[in-house]
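Working through the structure, step by step
Below are the chains, spelled out letter by letter.
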Amino acid sequence: MMQRLPSAIAVLLLALIFATIAIGHAEQTVLRPLAESYVRLVPHELGAPNVITGILLTYRAFDTLGEVAVLFMVAAGVGLVLKEPGKAGARSASDSEAAQPASEIVRTAAQILVPLIAIFAAYIIMNGHISAGGGFQGGAVIASAVLLMLLADPSHKLNSVFLSVTESLAGVLFVLVGIAGLIFAGGFLDNRVLPLGQFGAFFSAGAIPLLSVLLGVKVGCELSVILDRFRA
Amino acid sequence: MADTILLLAGVLIFLAIVFAVTRLILGRTIVDRVAAVDLLTVISISMIALYAHIADRFIYLDVALVYGVLSFLAVVATARYLERGL
Amino acid sequence: MSEVAGSILVLIGAFFHFSAGLGMLRMPDAFTRMQAGTKASTLGNALILIGIAFYHPGWSLKLLILIYFVFMTNPVSSHALARAARAIRIPMAGPPPQALASAPAAARDGA
């Protein structure tokens, strides 16, 4: 009983913190001046109903480019430190045991679920400007679909050359769209290079859907390459 | 009438969460704890859906779907690690 | 009227969740706990989501997708966990049945 005491105390403390946050939570009814100006400006100037995506991909888009660069550095660092899967070294007995596929139920379920999760990821990416969603979130869900594929069939080899080329191409296109914003419209990564369209329609808000797709592809490929490295 | 029934349902779900957390603390083997976490995530999917009904916002259901994906992957990955060491 | 029907469905679903938690607490063994936790909570989830669909008929499609997803993933993850528990030889309460009394490696070959 005494050995369970630290875990019990930890769980009770976490419950206390969560209860304090949940009870004291009240939705703000009056916005601060900066937030109010953003809420007014984004649907009017950018034509995007989702204020957060509008800020992330237009007003503060340079920060998003920095985040993309940080993710790229993380992927490069992981690739430097970990061994490449399937390379030489000794294929001992435990390796061949680890390469056995999962049971038949998991494999069949993965065949049904991987396309479903990929469609859901595409839905999240494309809905970045209309409702909650965006590029980074959709990219993470794509990587979880790849993780399911790797769990069901451990001997499946990912084509890491294709993934690396796609990821770099997406990053280059992101910067090119930004430079096009510099030449044709107000500034770097301005979204008015493409027509704004009707408010709330699927193809609207200028270049924001295009940027969301590029971000989603880049993040998905990066996280898949990192997951591939962690395999035995 | 409908609101009191919903309140009663909320109390029952809260008790279920307390039981699952008790099993998480007490669990004798590692599999007990992983199964308790799995139960907690499935209960919280329905809790998020109930909160989406209370706050009357449709987009919270997307959160429940993502939560389902992540919990499923977590349990399958843990099971595979336990079975053959990654 | 549909509101009362929806809330009664939510109450039944919550009762199934309560029984899943109670089973997780009171069952004697890891395997029986997993069984109690998965079956009851999946059905409870489905009933609660159908009950919410009575309140908001416009949400039905996404709730149906959610129900389908929970039905597909919850049993599969529990199966993978039970297989792993058998392979690392978690002790069962009471004597094991004769067919499984042989080496647990038999659980790894074949489906």
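Here we summarise the structure given alongside this text. Since the model is a prediction, treat every value here as computed from it, not as a measurement.

1. Re the overall build of chain B
Per the secondary structure count, chain B includes three helices and zero strands. Secondary structure elements in chain B, listed N-terminal to C-terminal, are α-α-α. In terms of overall dimensions, chain B is more spread out than a globule: its C-alpha atoms have a radius of gyration of 15 Å, far above the 12 Å expected for 86 residues. Taking the principal axes of the C-alpha coordinates as reference, chain B spans close to 50 × 30 × 10 Å. Looking at the 86 residues of chain B, the share that counts as buried comes to 53%. Considering only residue pairs separated by 6 or more positions, chain B has 37% of its internal contacts joining residues 24 or more positions apart. In the structure as shown, chain B presents an accessible area of about 3800 Å², 73% of it carried by carbon and sulfur atoms. Averaging the positions of the 6 positive and the 6 negative side-chain charges in chain B gives two centres separated by 14 Å.

2. Some words on the overall build of chain C
Secondary structure summary: chain C contains three helices and zero strands in total. Its helices and strands taken in sequence order, chain C reads α-α-α from the N to the C terminus. Per-residue burial for chain C yields a buried fraction of 49% across its 111 residues. Within chain C, contacts between residues at least 6 apart in sequence are counted, and of these 68% link residues at least 24 apart. A total of about 5300 Å² of accessible surface is found on chain C, and carbon and sulfur atoms cover 71% of it.

3. A look at the interface of chain B and chain C
Accessible area lost during the coming together of the parts is what is often quoted as the interface size. Listed as interface residues are 44 residues of chain B and, on the opposing side, 47 residues of chain C. Summed over both sides, the interface between chain B and chain C buries roughly 4200 Å², with carbon and sulfur atoms accounting for 79% of that surface. The largest share of the area that chain B buries against chain C comes from F19, R23 and E83 of chain B, three residues that together contribute 14% of it. In this structure, the connection of chain B to chain C is made through two salt bridges. The interface formed by chain B and chain C contains seven residue pairs in polar contact (both at pLDDT 80 or more).

4. Section: helix α1 (residues 2-26) of chain C
The end-to-end C-alpha distance of α1 of chain C, which contains 25 residues, comes to 36 Å, matching closely the 36 Å that a straight helix rising 1.5 Å per residue would cover. All of the buried residues in α1 of chain C are G6, S7, V10, G13, A14, H17, F18, A20, G21, G23 and M24 of chain C. Against α1 (2-26) and α2 (30-55) of chain B together with α2 (30-55) of chain C lie the buried residues of α1 of chain C.

5. Some details on unusual backbone geometry
What you tend to see is this: most non-glycine residues have negative phi, and most peptide bonds are trans. Located in the positive-phi region is D56 of chain B, a residue other than glycine, with phi close to 60 degrees. Along the chain, the position of D56 of chain B falls in the loop between α2 and α3 (60-84). With phi around 60 degrees, R89 of chain C is a residue other than glycine that occupies positive phi space. Positionally, R89 of chain C belongs in the segment after α3 (60-87).

6. Quick look at the pattern of salt bridges
One pass over the structure, following the stated rule, counts four salt bridges over all chains. A salt bridge links D62 of chain B to K62 of chain C, with the nearest nitrogen and oxygen atoms 2.4 Å apart. Here D62 of chain B is found in helix α3, whereas its partner K62 of chain C is found in helix α3 on a different chain. What you see here is one network of salt bridges that share partners, running through E167, K218 and E222 of chain A.

7. So, the interface of chain A and chain B
Contacts between the two partners involve 24 residues from chain A and, on the opposite side, 18 residues from chain B. Carbon and sulfur atoms make up 70% of the area that chain A and chain B hide from each other, which totals about 1800 Å². Broken down residue by residue, the surface that chain A buries against chain B is led by R4, F120 and L151 of chain A, which jointly contribute 30%. Counting every contact that joins chain A to chain B gives zero salt bridges. Linking chain A with chain B are one residue pair in polar contact (both at pLDDT 80 or more).

8. Let's talk about the side chain of S71 of chain B
Residue and element names in this part refer to chain B. Here S71 lies in helix α3. A residue is classified by how much of its surface remains accessible, and S71, at 12% relative accessible area, is buried. If we skip the residues at most four places from it in the chain, S71 touches D38 and T41.

9. Comments concerning the packing of aromatic side chains
Residues and elements named next belong to chain A. Under the counting rule described, the total for this entry stands at five aromatic pairs over all chains. Between the aromatic rings of Y38 and Y59, the centroid separation amounts to 5.7 Å while the plane-to-plane angle is 35 degrees, which identifies the pairing as tilted. Of the two residues, Y38 is situated in helix α2 (residues 33-46) and Y59 in helix α3 (residues 51-59); the sequence distance between them amounts to 21 residues. Judged by its relative accessible area of 16%, Y38 falls in the buried class.

10. As for the nonpolar core
The biggest cluster of nonpolar side chains holds 70 residues, and the ones touching the most others in it are L148 of chain A together with I52 and L81 of chain C. At the level of elements, α6 (104-126) and α7 (135-152) of chain A, α1, α2 and α3 of chain B together with α1, α2 and α3 of chain C are the ones that each hand at least two residues to this core. With 11 residues, the top contributor of residues to this core is α3 of chain C.

11. Side note on the packing of α6 of chain A against α7 of chain A
Residue and element names in this part refer to chain A. Remark: α6 packs on α7, axes separated minimally by 8 Å, with the N-to-C direction vectors making an angle of 170 degrees. As summarised for this structure, α6 and α7 are arranged roughly antiparallel, according to the angle between their axes. On α7, the residues touching V106, R107, A110, L113, V114, I117, A118, F120, A121, I124 and I125 of α6 are Q137, G138, G139, V141, I142, S144, A145, L148, M149 and A152. The class makeup of the residues in the contact of α6 with α7 is 16 nonpolar, four polar and one charged.

12. Overview of helix α4 (residues 61-81) of chain A
Residues and elements named next belong to chain A. For α4, built from 21 residues, the straight-helix expectation of 30 Å at 1.5 Å per residue is met to within 8% by its first-to-last C-alpha distance of 31 Å. The set of residues buried in α4 consists of A61, T64, L65, V68, A75 and V78. All buried residues of α4 project into a common sector of 145 degrees when viewed along the axis, lining one side. In α4, the exposed positions angled more than 90 degrees off the buried face are occupied by F62, D63, M73, L80 and V81. Against α3, α7, α8 (160-184) and α9 (208-229) lie the buried residues of α4.

Rules used throughout
- Residues numbered from 1 in each chain as written.
- Chains lettered and ligands numbered in written order.
- Predicted model: local features only at pLDDT ≥ 70, side-chain atom pairs only at ≥ 80, totals over all residues.
- Heavy atoms only, no water.
- Helix = DSSP H or I, 4+ residues; strand = E, 2+ residues; numbered from the N terminus.
- Rg over C-alpha atoms; globule rule 2.2 N^0.38 Å.
- Buried < 20%, exposed > 50% of the residue type's maximum accessible area, 1.4 Å probe, protein only.
- Contact = heavy atoms within 4.5 Å.
- Areas by Shrake-Rupley, 256 points an atom, 1.4 Å probe, with all protein chains shown as cover.
- Lys, Arg positive; Asp, Glu negative; His and termini not counted.
- Charge placed at Lys NZ, Arg CZ, Asp CG, Glu CD.
- Buried area = accessible area lost by both parts, 1.4 Å probe.
- Salt bridge = Lys/Arg side-chain N within 4 Å of Asp/Glu carboxyl O.
- Polar contact = N/O pair within 3.5 Å; in protein donor to acceptor, adjacent residues only side chain to side chain.
- Expected span 1.5 Å × (residues − 1).
- Phe/Tyr/Trp six-rings, centres within 6.5 Å; stacked < 30°, edge-to-face > 60°.
- Core = buried A, V, L, I, M, F, W, Y, C linked by side-chain atoms within 4.5 Å.
- Axes fitted to C-alpha atoms, helices over the stretch in contact; angles between N-to-C directions.
- Parallel < 35°, antiparallel > 145°, perpendicular 65-115°, else oblique.
- Nonpolar A, V, L, I, M, F, W, Y, C, P; charged D, E, K, R; others polar.
- Arc of directions from axis to C-beta.

On their own, these measurements won't tell you what the molecule is for.
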